[in-house]
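# Examining the three-dimensional arrangement
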Amino acid sequence: MLPSYSQLAVLNRPDYFLWATGIEDSFVTASWPQNGRIMDEYELTQHYERWEADLELMASLGVHAARYGIPWPRMNPAPNVWDWDWSERALERLLELGIDPIVDLVHYGVPEWMENAWLHPDFANHMADYSARLAERFQGRIQWWTPLNEPRITAWNCGKLGWWPPYLKGWRGFVKVTLALCRGIVQTGQALRAVDPENVLAHVDATNCWLPPIPEDEQMLALTQFRRDLMFLALDLVSGRVNEEHSLWHWLLQKGASEESLIWFQEHNVELDVIGINLYPMLSQKQFVRGASGRVRIRFPYGNADMVEEIATAYWERYHRPMFIAETAGRGTVARRLQWLNQSVNGVRRVRERGVPLVGYTWWPMFDLVAWGYQQGSAPLASYIVPMGLWGLDVNSLDRVSTPLVEAYQGLVQDGATSVALLNSSYAFE
């Protein structure tokens, strides 16, 4: 079982390790203007209808924890209107099965009635209120909460690219959304602690391993360093680390942030109890390259165990907080996914042998997901199913199809700590 907030020292035990899984839960219910499509993964994969069977499959892995998302847009369809029925039944069933939920409160989307989404003047208050209401219903039984998944990716898609509400574009939009959603994270963390001081905040972050550029010219070296700094921005804000000495302080001011808004985070910071790092071999390793025409582009070398070690070490050296892999999976054939499972677990072993407290591993998604491209596309749903799960999805029926990854993951979970040679690990954090 997961340790409570007052027992976080348990994470310092060399024999402790958390094996988990999760179900992709992107909830963007604002429809794409050109085709009317939404991006609700539970609806697209029929998890709303198949949730009981899906949770039984989850239990068959032997995991004792799962990252599990709550569809805030559905639970709160209008101001001060709440429908907890579906989420309560799912969470209750997880607890009955002996699986501790790490509740994913906000995953890219907010209720549609909240005009301008993250930029609604009361967004942070609404997010904190919603989270506290749910925490009150499970007080003393669920204690681990992720306020907002991948804040940088949320700000990128909502503020930089203009894909999702509030549809801003450019760096000023990115900064504006980042400040708003980070304020929501802070106020939500405070609200969760007010409900129960033993509630644990698991801050889940998207990661990038930026390789040195090819060739190593000064412009691309500076751009690489900027992107590395940007990776940490949300957690730095939430934990009150952004001051005049921060590498992005002046950049933030240039892009529209006020000194007052930045100082607010210094005065209202929340502790990073546990940091969840999301890393994928096909996405998390990046490199700037310059083509023959001189144009700079990004390439994505496929990652390996070195990537796991580099990313975990970077977070440890910056924050000195316990971490767990909150999402990881290979993409493609079963053989390729099995290869990544072995490589990434080996990476965890190497990290822990160095004394870094990487205390858990989550294969995400448990079954295949639907690519975000579905929302903007026109092809049938089957064209967007991405083979990443322990279970596959039948492209016609969406039935869950077992793969050899299921047995492999069951074996890792059953072996427990010995799966990653934990007994020789020792570490300490501030």
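Remember, predicted model here, so these are calculated numbers, not experimental data.

This paragraph deals with the pairing of strand E13 (residues 358-363). For E13, the tally of buried residues reaches six of six residues, placing the bulk of the element in the interior. Of the pairings in the sheet, the one linking strand E1 (residues 18-22) to E13 comprises four bridges and is parallel in character. Each bridged residue has a counterpart across the sheet, and for Thr 21 the counterpart in E13 is Trp 363. Alignment of strand E12 (residues 323-328) against E13, held across three bridges, turns out to be parallel. Paired with Ile 325 across the two strands is Tyr 361, which belongs to E13.

Take the packing of helix H12 (residues 334-353) against helix H14 (residues 404-415) next. Axes are the key here: two packed helices are described by the angle between their axes and the distance separating the axes. Closest axis-to-axis distance for the H12/H14 pair is 10 Å, and the angle between their directions is 15 degrees. When the axis of H12 is compared with that of H14, the two are roughly parallel. You can see that H12 and H14 cross each other, and the crossing is right-handed. Between H12 and H14, the contacting residues are Val 334, Arg 337, Leu 338, Leu 341 and Val 345 on the first element and Pro 404, Leu 405, Ala 408, Tyr 409 and Leu 412 on the second. Taken together, the residues that form the contact of H12 with H14 break down as nine nonpolar, no polar and one charged.

This paragraph deals with the state of the cysteines. With the rule as written, the count across this model stands at zero disulfides. Note on Cys 158: no disulfide assigned, nearest cysteine sulfur contributed by Cys 182 at a separation of 13 Å. A residue is classified by how much of its surface remains accessible, and Cys 158, at 0% relative accessible area, is buried.

Let us look at unusual backbone geometry. The peptide bond linking Pro 165 to Pro 166 adopts the cis configuration, its omega dihedral lying at 10 degrees. Counting through the fold element by element, Pro 166 comes out in the loop between helix H6 (151-160) and helix H7 (171-195). Looking along the chain, the bond that leaves Trp 364 and enters Pro 365 is cis, with omega of 10 degrees. Within the secondary structure, Pro 365 is located in the loop between E13 and strand E14 (369-370). Although it is not a glycine, Asn 116 sits at a positive phi angle of roughly 70 degrees. Turning to its location among the elements, Asn 116 is positioned in the loop between strand E5 (100-104) and helix H5 (123-137). One non-glycine residue, Leu 398, lies in the positive phi region at around 65 degrees. Looking at Leu 398, the relative accessible area reads 6%, which means it is buried.

Let us now look at the packing of helix H8 (residues 218-238) against helix H11 (residues 305-319). At a minimum axis separation of 12 Å, H8 and H11 run at an interaxial angle of 40 degrees. Put simply, H8 runs oblique to H11. Two packed elements cross with a definite hand, and for H8 against H11 that hand is right-handed. Contact residues: H8 offers Met 231, Phe 232, Leu 235 and Asp 236, while H11 offers Ala 314, Tyr 315, Arg 318 and Tyr 319. Classifying every residue of the contact of H8 with H11 by side-chain character gives six nonpolar, no polar and two charged.

Analysis parameters
- Along each chain, the written sequence defines residue order, and numbers are assigned to residues from 1.
- Residue-level local features of this predicted model are given only where pLDDT is at least 70; pairs of side-chain atoms are given and counted only at 80 or more, and the full residue set underlies all totals for whole chains, interfaces and linings.
- Neither water nor hydrogens contribute to the side-chain values; these are computed over all heavy atoms in the structure.
- For every residue, the accessible area obtained with a 1.4 Å probe (protein chains only) is divided by the maximum for its type, and the residue is called buried under 20%, exposed over 50%, and partly exposed between those limits.
- The numbering of helices and of strands both runs from the N terminus, where a helix is a DSSP run of H or I of at least 4 residues and a strand a run of E of at least 2.
- Following DSSP output, two strands are said to pair if at least two bridges run between them.
- Every axis in this analysis is a line fitted to C-alpha atoms, fitted for helices over the stretch in contact. Angles between the N-to-C directions lie between 0 and 180 degrees.
- Throughout, the term roughly parallel applies to angles under 35 degrees, roughly antiparallel to angles over 145, roughly perpendicular to angles from 65 to 115, and oblique to all others.
- With the far helix as reference, a near helix turned anticlockwise by less than a right angle produces a left-handed crossing, and one turned clockwise produces a right-handed crossing.
- We call two residues in contact whenever any of their non-hydrogen atoms come within 4.5 Å of each other.
- Three categories are distinguished: nonpolar for Ala, Val, Leu, Ile, Met, Phe, Trp, Tyr, Cys and Pro, charged for Asp, Glu, Lys and Arg, and polar for the others, with Gly belonging to the last.
- When the sulfur atoms of two cysteines come within 2.5 Å, that pair is taken as a disulfide.

By themselves, these observations are geometric and do not establish any function.
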